Amino acid sequence: DTGVSQDPRHKITKRGQNVTFRCDPISEHNRLYWYRQTLGQGPEFLTYFQNEAQLEKSRLLSDRFSAERPKGSFSTLEIQRTEQGDSAMYLCASSLRGNQETQYFGPGTRLLVL
Amino acid sequence: GENVEQHPSTLSVQEGDSAVIKCTYSDSASNYFPWYKQELGKRPQLIIDIRSNVGEKKDQRIAVTLNKTAKHFSLHITETQPEDSAVYFCAASRNAGGTSYGKLTFGQGTILTVHP
């Protein structure tokens, strides 16, 4: 499968725990985006990378959230001290240099904070 | 920042009828407008997109129209089929030469149900 992949697909955690999600973009896609989607809503932008550089972060991304893309390939999104309000689907998308508008989404990681 | 409004929130049609979903955007600098289809529990999938230098684009039963002056764009699905049932999202982004922004601002979604 050459599409965007995400791991894990589901995560259940207790409030206060830390969680980390991984996204593997389509090979050679230089841009990688993170979005959050709650039930009945459209995805909301969190942050994006061009290669390894994090170029923009949404104000939705509190200081408990951190994202990295150390080698310009896969990315991780970590949430520290999770809260019940963090429960959502976390989607990753990637796009290709030269056609950077078109974003391809991964299957998402569904997080439930108890 | 950009704000995208989408209507209607739910749409129910009979198989074979047409369906139209409308979106408005606030940022006049937005120049890329994709539409995504999301089935229950699945990833959003791009079905069609349009750039601001084009007024209309068609792909088989799907078409998108853009009115830059009024800042609205619409998705048209003709000859609907039960497998078209899903949630549809419009989105907008700014993509300028040089420094490219790229982040998508999504509408709230439209639940389309096509009855056989």
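Refer to the structure presented above.
## Here we look at the overall build of chain A
Per the secondary structure count, chain A includes 0 helices and 11 strands. Scanning chain A from its N terminus toward the C terminus, one meets helices and strands in the order β-β-β-β-β-β-β-β-β-β-β. In summary, chain A has a C-alpha radius of gyration of 13 Å against a globular reference of 13 Å for 114 residues, a match within 12%. Structurally, chain A occupies a C-alpha span of about 40 × 25 × 25 Å along its principal axes. By residue count, 49% of the 114 residues in chain A fall in the buried class. Taking the intrachain contacts of chain A between residues at least 6 apart in sequence as the baseline, contacts between residues at least 24 apart amount to 53%. In chain A, the 15 positive side-chain charges and the 13 negative ones have mean positions that sit 5 Å from each other.

## Side note on the packing of aromatic side chains
Counted under the stated rule, the structure contains 15 aromatic pairs over all chains. The interplanar angle of 45° and the centroid separation of 5.4 Å between the aromatic rings of Y35 of chain A and F105 of chain A together place this pair among those described as tilted. In this pair, Y35 of chain A is assigned in strand β4 (residues 31-37) and F105 of chain A in strand β10 (residues 99-105), connecting sequence segments 70 residues apart. The pair formed by Y35 of chain A and F105 of chain A is uniform in burial state, with each residue classed as buried. One aromatic cluster in this structure is built from Y33, Y35, F45, Y48 and F105 of chain A together with Y36, F89 and F106 of chain B. One Lys or Arg, R22 of chain A, reaches over the ring of F74 of chain A and ends 3.9 Å from the middle of that ring.

## Considerations on the interface of chain A and chain B
The interface of chain A with chain B comprises 22 residues on the first partner and 19 residues on the second. Here chain A and chain B share an interface that buries about 1,700 Å² over both sides, 48% of which is from carbon and sulfur atoms. Taken as a group, P43, E101 and F105 of chain A account for 31% of the area that chain A buries against chain B, more than any other trio of residues on that side. Joining chain A to chain B, the criterion identifies 1 salt bridge. The closest approach of N and O atoms between K103 of chain B and E56 of chain A, which form a salt bridge, is 2.8 Å. In this structure, the connection of chain A to chain B is made through 7 residue pairs in polar contact (both at pLDDT 80 or more). Those elements that provide at least two residues to the side of chain A that touches chain B are β4, β5 (44-50) and β10 of chain A. A total of 6 residues in the side of chain A that touches chain B trace back to one element, the largest contributor, which is β10 of chain A. Tallied by class, the residues present in the side of chain A that touches chain B amount to 9 nonpolar, 9 polar and 4 charged.

## Remarks on the sheet that holds strand β6 (residues 56-59) of chain B
All names here are of chain B. Strand order in the open sheet formed by 5 strands is β1-β3-β8-β7-β6, with antiparallel pairing between adjacent strands. In this open sheet, the two strands that pair with only one neighbour each are β1 (4-7) and β6. Averaged over all pairs of adjacent strands, the angle between strand axes in this sheet comes to 15°, irrespective of strand direction. Across 4 bridges, the pairing between β1 and strand β3 (residues 19-25) is antiparallel. What sits directly across from V4, in β3, is Y25.

What counts as what
Residues numbered from 1 in each chain as written. Chains lettered and ligands numbered in written order. Predicted model: local features only at pLDDT ≥ 70, side-chain atom pairs only at ≥ 80, totals over all residues. Heavy atoms only, no water. Helix = DSSP H or I, 4+ residues; strand = E, 2+ residues; numbered from the N terminus. Rg over C-alpha atoms; globule rule 2.2 N^0.38 Å. Buried < 20%, exposed > 50% of the residue type's maximum accessible area, 1.4 Å probe, protein only. Contact = heavy atoms within 4.5 Å. Lys, Arg positive; Asp, Glu negative; His and termini not counted. Charge placed at Lys NZ, Arg CZ, Asp CG, Glu CD. Phe/Tyr/Trp six-rings, centres within 6.5 Å; stacked < 30°, edge-to-face > 60°. Lys NZ or Arg CZ within 6 Å of the ring centre and 35° of its normal. Buried area = accessible area lost by both parts, 1.4 Å probe. Salt bridge = Lys/Arg side-chain N within 4 Å of Asp/Glu carboxyl O. Polar contact = N/O pair within 3.5 Å; in protein donor to acceptor, adjacent residues only side chain to side chain. Nonpolar A, V, L, I, M, F, W, Y, C, P; charged D, E, K, R; others polar. Pairing = 2+ DSSP bridges. Axes fitted to C-alpha atoms, helices over the stretch in contact; angles between N-to-C directions.

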